[in-house]
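# Per-entry structural report
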Amino acid sequence: MAQRRYGLVGCGSRARMYVDAMTGAHAADALLVALGDTNPGRARFHREAAEAAGAPAPVLFHPDDLERTIDEQRLDRVVVTSPDHTHADLVARSLLAGADVVVEKPLTTDADGARRIVEAVRTSGRSVVMTFNYRYSPRNTALKRVVASGAIGTVTSVHFEWVLDTAHGADYFRRWHRRKENSGGLLVHKASHHFDLVNWWIDDEPRRVFASGGLRFYGPKNAAARGLGPRPPRGTGGDAADPFQLDLRGDELLRRLYLDNEQHDGYVRDQDVFTGEIDIEDNLSLVVDYAGGPSMSYSLNAHAPWEGYTVAVNGTAGRAELTVVERGAVVPGGGIDPSAVPEERDAREARPVSERLLVQEHWGTAREVAIENGEGGHGGGDLRLLHDVFVGPGEDPLGTPADYTDGVRAVAVGIAGNASLAAGRPVAVEELELWGRG
């Protein structure tokens, strides 16, 4: 395959994985020629990283100039790693300007955004790759194989619980994600990963969603109710002993990307999780009905003392259970996201970092299915994802690579869930008209 010319829009921390890939392992497949962001300091950070890797310096542009940049730089593809609420605009504009798109989850945050992207794909005939890296994690792939094999029969129901700890979960309440208008809330920003997994595992589409939840731990009202008292608006320069405060000076990447560039746009990366305006939920429960007949019970908690997930898939011939502990406890000196930077396993802990997939057929004993992990984040899944993005997927009977249709189906649950929270009733996905009207 000939080397493609790439632009990237959204130069926050998530862009780093793609910049490193295009200037490193996949330099022969992808040439990074343009970097776009509303904050010129963050764009320069990634340009310097590209130059340090020996790659040509990409040109910098403002997102307002996206179409002109696609034309002048002859871009084949645009990678979108910007804040969620900007995805629909940037994806649609890139497609209509003649470039294919690679977009981070979620595809978009609302029904209007989904319709805009669907229409742009139909009009342009261009392609959209969704980067659902959790599909590539070996443990999730192993569960997909079990379900696809028919070992548990026809799927009847799914139970899925995800817990975010007080390091990783809290971080969503420090950043732009804390406002639903920016992120769609955790049902869209975070849980679109989870809903995509279920759609993929059981090869089905969501049809109806009933949601319940609220902001019950973070935010100023909850802090006041627990008697926490006055707090500083941000973590940098605050109380180092406070586990909920993030001091950007203690992390070189966060300092260089965000603290050193605040003067350009005023964005504060380390807002206190118990102050300011927060309107996203930290506790969520859903019941989801699928077109093929199964239902799912789902719960998300963003202030747990450990991080991981449990999923059980029930079928007419048995049951599969996947249990994952990504971090058994939040201790001083740990990172923010334990899935991105794997932590050491300590079998002496009562809840060690671990993963286990069990399959039990009716009238039989349980058996454990081996999970073969690779190097790097998400059990080596990130490397497999990047290969499929930049080289192209090979033959894959599991259908791991995702496109915009998978992205729409994933956000459908979260968008319908948000509508259900607002209306206090079940919401049919069909009501949202995500695929366009008429």
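See the structure shown above.
My aim in this report is to walk through the structure given alongside it, one point at a time. (Residues numbered from 1 in each chain as written. Predicted model: local features only at pLDDT ≥ 70, side-chain atom pairs only at ≥ 80, totals over all residues. Heavy atoms only, no water.)

Turning our eyes to something else, we now look at the sheet that holds strand 8 (residues 206–214). What the nine strands build is an open sheet, ordered 14-13-12-11-7-10-9-8-16; its pairing is mixed. Here the strands that pair on one side only, and so sit at the sheet edges, are strand 14 (367–369) and strand 16 (427–428). Here strand 8 runs beside strand 9 (residues 283–290); their pairing, made up of eight bridges, is antiparallel. For Arg208, the partnering residue across the bridge sits in strand 9 and is Asp289. Lying over the sheet, helix 6 (residues 138–149) contacts strand 7 (155–165), strand 11 (307–315), strand 12 (318–327), strand 13 (354–361) and strand 14, oriented at roughly 175° with respect to strand 12. Running over the sheet, helix 10 (residues 191–202) touches strand 7, strand 8, strand 9, strand 10 (295–304) and strand 11 and is turned about 155° from strand 7. (Pairing = 2+ DSSP bridges. Helix = DSSP H or I, 4+ residues; strand = E, 2+ residues; numbered from the N terminus. Contact = heavy atoms within 4.5 Å. Axes fitted to C-alpha atoms, helices over the stretch in contact; angles between N-to-C directions.)

As a further point, take the pattern of salt bridges. Here the structure, examined in full by the defined rule, presents 35 salt bridges. Where Asp265 meets Arg42, a salt bridge forms, and the shortest distance between an N and an O atom there is 3.2 Å. Here Asp265 is found in helix 13 (residues 262–265), whereas its partner Arg42 is found in helix 2 (residues 40–52), with 223 residues between them in sequence. The partner of Asp171 in a salt bridge is Arg174, and the shortest N-O contact between them spans 2.7 Å. Taking the relative accessible area as the measure of exposure, Arg174 reaches 4% and is therefore buried. (Salt bridge = Lys/Arg side-chain N within 4 Å of Asp/Glu carboxyl O. Buried < 20%, exposed > 50% of the residue type's maximum accessible area, 1.4 Å probe, protein only.)

Geometric values such as these leave the question of function open.
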